[in-house]
Every structure is written in C-alpha cells, then in structure tokens.
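Each chain, written out:
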Amino acid sequence: DINVDCMVEEEYQKWQIEILNECFRVLKKDGSMFYNHKVRVKKNEISHPLEWILQSKFKCRQIITWDRTSSPNQDTCRFVPTTELIFWLNKTNKSPRFKRVDDCLFKTEVWRLPPKKQKGHPAPFPIEIPDNIIPSVAQGDKIVVLDPFMGSGTVAKSAIKYNCDYIGFEIDEKYIDMFLNEKRD
C-alpha cells in the first residue's frame, strides 16, 4: 500500500514523475493529459507541482486554476489555500486534439467551482471539471480517457456521459467499490 501522506517529499515527487512518464508512454501523439494537483506543504515549505512535472517527459501547454472558493484546511499559520491547479500536458509543442466546445462551462483559465460533498470520500472531484474538458478533447468521437487517480470515479462518469471509453486506477478498494456500486443516472 502507498500512503501518500507519509511519503518523504523526494519519494513523492519521484513517484509522481514515474506516473506522469507512464501516462506519457501510453498517450497518443495528439492526446492531452489534464493533471490536477495542489501545491504541497511539508515542514512549512511548499513544493509546487511544476517541480516534478518539468522533470517528466511532458510539455506543459497551460495551467488552469481551480478556485475551490473554500478549503477544509483552516490552518491559522498561513492564508487559507483555496486553489488547485490543472496542468494541461502534451507530448510535443504541436497543437493537440482540442477545440473548445461552445457550451463549455468555463472558457477562461480560472474555474470558480466549489467542491462537491460525497458520502464516503473526503475530496470528490466536481464532475463539471471533466465535463468541461472531455467534450473539447473528444470532439464527438469515442476516445479513451485514462484516470490514474480514479478516486470515486468522477472522470469515468464524465467519460461515460460523453460516450467515451475509460480506464481508471485506484489504490483504495473502498473507492472502487463506491464507484462500482453507485447507481448510474
């Protein structure tokens, strides 16, 4: 089992680089990876995801800021962190498969959206985020969506909604069970 919260920072970053490079390996030439991560704080020092992203094989096309509008972290020794970052990664500097759909919820690089609450998961990902990305990448085609940190399956639900196939990985069996046993709309 991997306990991310107990990992030494260097070990955590090495693990993230390995995951990113494996995603790079299986990604199509014109594909995109949207990698969500917040700035980490360990021993009162931050580490920014760009520190390890730039050590991976990916090129960073854009950084989208998810303004969560609130935070479960109420630590009084710093300003309350309310943002997470979504890194749009590609294999090359050439234009990837993407055309922003007309009815997308967010058109700018700052997405203001409070987190959703979900019984049984401490930090569920709002479906509006993959719902904003997948149609613009799929462009009506049936693509394969890969989620290496599946959690409660939000990205998979969005992929299904847009008639795409998905592959998801999750190390916590209770989240896999939650996704598999959830009633589908």
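A few points on the structure. Here the residue index of a chain counts from 1 through its sequence in written order. A pLDDT threshold of at least 70 governs which residues receive local features in this predicted model, and a stricter bar of 80 or more applies before side-chain atom pairs are shown or counted, although totals over entire chains, interfaces and linings include all residues. Here the side-chain values reflect all heavy atoms present in the structure, with hydrogen atoms and water set aside.

Some remarks on the packing of helix H3 (residues 128-138) against helix H4 (residues 154-161)
What counts as an axis is a line fitted to C-alpha atoms, over the stretch in contact for a helix, and the angles between N-to-C directions run from 0 to 180 degrees. Segments assigned H or I by DSSP are reported as helices when at least four residues long, segments assigned E as strands when at least two residues long, and all are numbered from the N terminus. Between H3 and H4, the least distance of the axes is 9 Å, while the angle of their chain directions is 45°. If you check the angle between H3 and H4, you find them oblique. Of the two possible hands of crossing, H3 and H4 adopt the one that is right-handed. The residues of H4 that touch H3, namely those facing Pro 130, Asp 131 and Ile 134, are Thr 154, Val 155, Ser 158, Ala 159 and Lys 161. When residue character is reported, Ala, Val, Leu, Ile, Met, Phe, Trp, Tyr, Cys and Pro are called nonpolar, Asp, Glu, Lys and Arg charged, and the others, Gly included, polar. Its residues placed into classes, the contact of H3 with H4 shows four nonpolar, two polar and two charged. Any angle that is under 35 degrees is reported as roughly parallel, and any over 145 degrees as roughly antiparallel; angles of 65 to 115 degrees are reported as roughly perpendicular and all others as oblique. Left-handed is the label given to a crossing in which the near helix is rotated counterclockwise from the far helix by less than a right angle, and right-handed is the label when the rotation is clockwise. We call two residues in contact whenever any of their non-hydrogen atoms come within 4.5 Å of each other.

Details of helix H5 (residues 173-181)
Working definition: with a 1.4 Å probe on protein chains only, accessible area under 20% of the residue-type maximum means buried, over 50% means exposed, and in between means partly exposed. Among the residues making up H5, those that are buried are Tyr 175, Met 178 and Phe 179. For H5, the angular spread of buried residues about the axis comes to 95°, placing them on one side. Turned more than 90 degrees from where H5 packs its buried face, Glu 173, Leu 180 and Asn 181 sit exposed. Contacts from the buried residues of H5 go to H4 and strand S8 (165-168). Here the arc refers to the set of directions running from the helix axis out to each C-beta atom.

Observations regarding the environment of Tyr 162
With respect to the helices, strands and loops of the structure, Tyr 162 is situated in the loop between H4 and S8. Each residue touching Tyr 162, except ones within four places of it in the same chain, is listed here: Asp 131, Ile 134 and Pro 135.

Brief notes about the sheet that holds strand S4 (residues 59-67)
Here we have four strands laid out as an open sheet, ordered S1-S5-S4-S6, and mixed in their pairing. If you trace the sheet from one side to the other, it starts and ends with strand S1 (33-37) and strand S6 (110-112), each paired once. The average undirected angle you get between the axes of adjacent strands in this sheet is 25°. We call two strands paired when DSSP finds no fewer than two bridges between them. Taken together, the five bridges between S1 and strand S5 (residues 83-90) define a ladder with antiparallel strand orientation. When the sheet's bridge partners are listed, Phe 34 is paired in S5 with Trp 88. Where helix H1 (residues 9-26) meets the sheet, it contacts S1 and S5, and its direction lies at approximately 165° from that of S1. Its contacts with the sheet place H3 against S1, S4, S5 and S6, and it is angled at close to 135° to S6.

Observations regarding the pairing of S8
Both strand S7 (residues 144-147) and S8 contribute to a ladder of four bridges, which runs parallel. Bridge assignment links Val 144 to a residue of S8, and that residue is Asp 165. For a crossover, the right-handed case is the one in which the path from the first strand over the helix to the second runs clockwise, viewed with the strands pointing away from the viewer. Viewed along the sheet, the connection from S7 through H4 into S8 turns out right-handed.

Thoughts on unusual backbone geometry
At Asn 44, a residue that is not glycine, the phi angle is positive and equals roughly 60°. Within the fold, Asn 44 resides in the loop between strand S2 (40-42) and strand S3 (45-47). Overall, the relative accessible area of 65% leaves Asn 44 in the exposed class. Phi angles above zero are rare outside glycine, and Thr 69 is one such case at about 70°. With respect to the element layout, Thr 69 can be found in the loop between S4 and S5. Since its relative accessible area comes to 38%, Thr 69 is described here as partly exposed.

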